[in-house]
Amino acid sequence: SQAQPTRRGALIVVEGLDRAGKSSQCEMLRDSLWQKGSPVKYIRFPDRTTPIGKLIDSYLRGSSHQDDHSIHLLFSANRWEVAKSIEDEIASGTTVIVDRYSYSGVVYSAAKANPTLSLEWAWQPEIGLPRPDICLFLSISPEEAAKRGGFGVERYENEPMQTRVRQLFSTVFERQEDVSIIDAGRSITEVALQIQATVSDCIEHMDATAPLRKLE
Ligand code: ADP
Ligand code: 2DT
Ligand code: MG
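So, how was this worked out
Residues numbered from 1 in each chain as written. Chains lettered and ligands numbered in written order. Predicted model: local features only at pLDDT ≥ 70, side-chain atom pairs only at ≥ 80, totals over all residues. Heavy atoms only, no water. Salt bridge = Lys/Arg side-chain N within 4 Å of Asp/Glu carboxyl O. Helix = DSSP H or I, 4+ residues; strand = E, 2+ residues; numbered from the N terminus. Buried < 20%, exposed > 50% of the residue type's maximum accessible area, 1.4 Å probe, protein only. Pairing = 2+ DSSP bridges. Axes fitted to C-alpha atoms, helices over the stretch in contact; angles between N-to-C directions. Contact = heavy atoms within 4.5 Å.

A. Structural view of the pattern of salt bridges. Overall, the coordinates contain 18 salt bridges when judged by the stated rule. When the shortest N-O distance is used, the salt bridge between D88 and K84 registers 3.0 Å. Of this pair, D88 and K84 are both found in helix α3 (residues 68-91), four residues apart, which corresponds to roughly one turn of the helix. Among the residues examined, D88 registers a relative accessible area of 40% and is labelled partly exposed. For R131, the salt bridge is made with E177, and the minimal N-O distance between the two is 3.8 Å.

Take a look at the structure:
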């Protein structure tokens, strides 16, 4: 048989506020791609299992304090430490689904309103990381999110912070290419079907013989 040109996998990012349904939808997307016979992997950020991830986990649980800039750079480092393995998976044909990425990274840090931590400052360490082929933003109103359960105990899980995060996500995604806004206030199945259709369309239309791009 004739050798096929190597088709790379896609890099798919899922973003959104707390309880928008990111983790549920990532799992469902992984299962649906798997059933269609595509090699697929699901990862999440922060990855709390690495040494850097353990520092992040302790900070999020409120067990430790970190300077705003310092914790920002640790979240970014937590992506850089697996960037090469993501690129390798994708080059070998595996589609990688990512639960939160650089967009959460810049938005949560800038939402702290620290005068020396702007969105622009926050974006710099993200430059050069693997660039998603598509970013699905799961959009949900505060009222709908509240119906899915109250705030947890982690840092950032409070109303003023979530309101600033919501505004900054809008600012960031207005400027960003390759974003698809998904109304995440509907049923799990409706959301899943729209995500599947959007991802199929992305995979069909991307140039799978060109290498993965980088964030700039
Ligand atoms: P996230 O990862 O964005 O924080 P999860 O996927 O963990 O969100 O979902 C948060 C909660 O809301 C879970 O209890 C989940 O079962 C529920 N949930 C997720 N999607 C929906 C939906 N479309 N409608 C109603 N409840 C949902
Ligand atoms: P989860 O509840 O999804 O585990 O998120 N965060 C996340 C940042 O502040 N910077 C980042 O770079 C990333 C990826 C968002 C844990 C919290 O961590 C925040 C919520
Ligand atoms: Mg989640």
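B. Looking closely at the pairing of strand β1 (residues 11-16). Of all the six residues making up β1, six are buried; the element is thus mostly covered by neighbouring parts of the structure. Where β1 and strand β3 (residues 95-99) come together, four bridges link them in parallel fashion. Each residue of the ladder has a partner; that of L11, found in β3, is V96. Two strands pair when backbone bridges link them, and β1 and strand β4 (residues 134-139) are joined in this way by five bridges, in the parallel orientation. From the neighbouring strand, G16 faces β4, where its bridge partner is L138.

C. Up close: the pairing of strand β5 (residues 179-183). Alternating positions in β5 separate cleanly, S180 and I182 being buried on one face and V179, I181 and D183 remaining unburied on the opposite face. Summarising the sheet, β4 and β5 pair through five bridges and their orientation is parallel. Looking across to β5, one finds that S139 is bridged to D183.

D. Local environment of the sheet that holds β1. Strand order in the open sheet formed by five strands is β2-β3-β1-β4-β5, and the pairing between neighbours is parallel. Looking at strand neighbours, the two that pair on one side only are β2 (40-44) and β5, the edges of this open sheet. Between one strand axis and the next, the sheet turns by 20° as a mean value, whatever way the strands run. Taken strand by strand, helix α4 (residues 102-110) contacts β1 and β4, and its axis lies near 30° from that of β1. Sitting on the sheet, helix α8 (residues 188-205) touches β1, β3, β4 and β5, and the angle it makes with β5 is about 165°.

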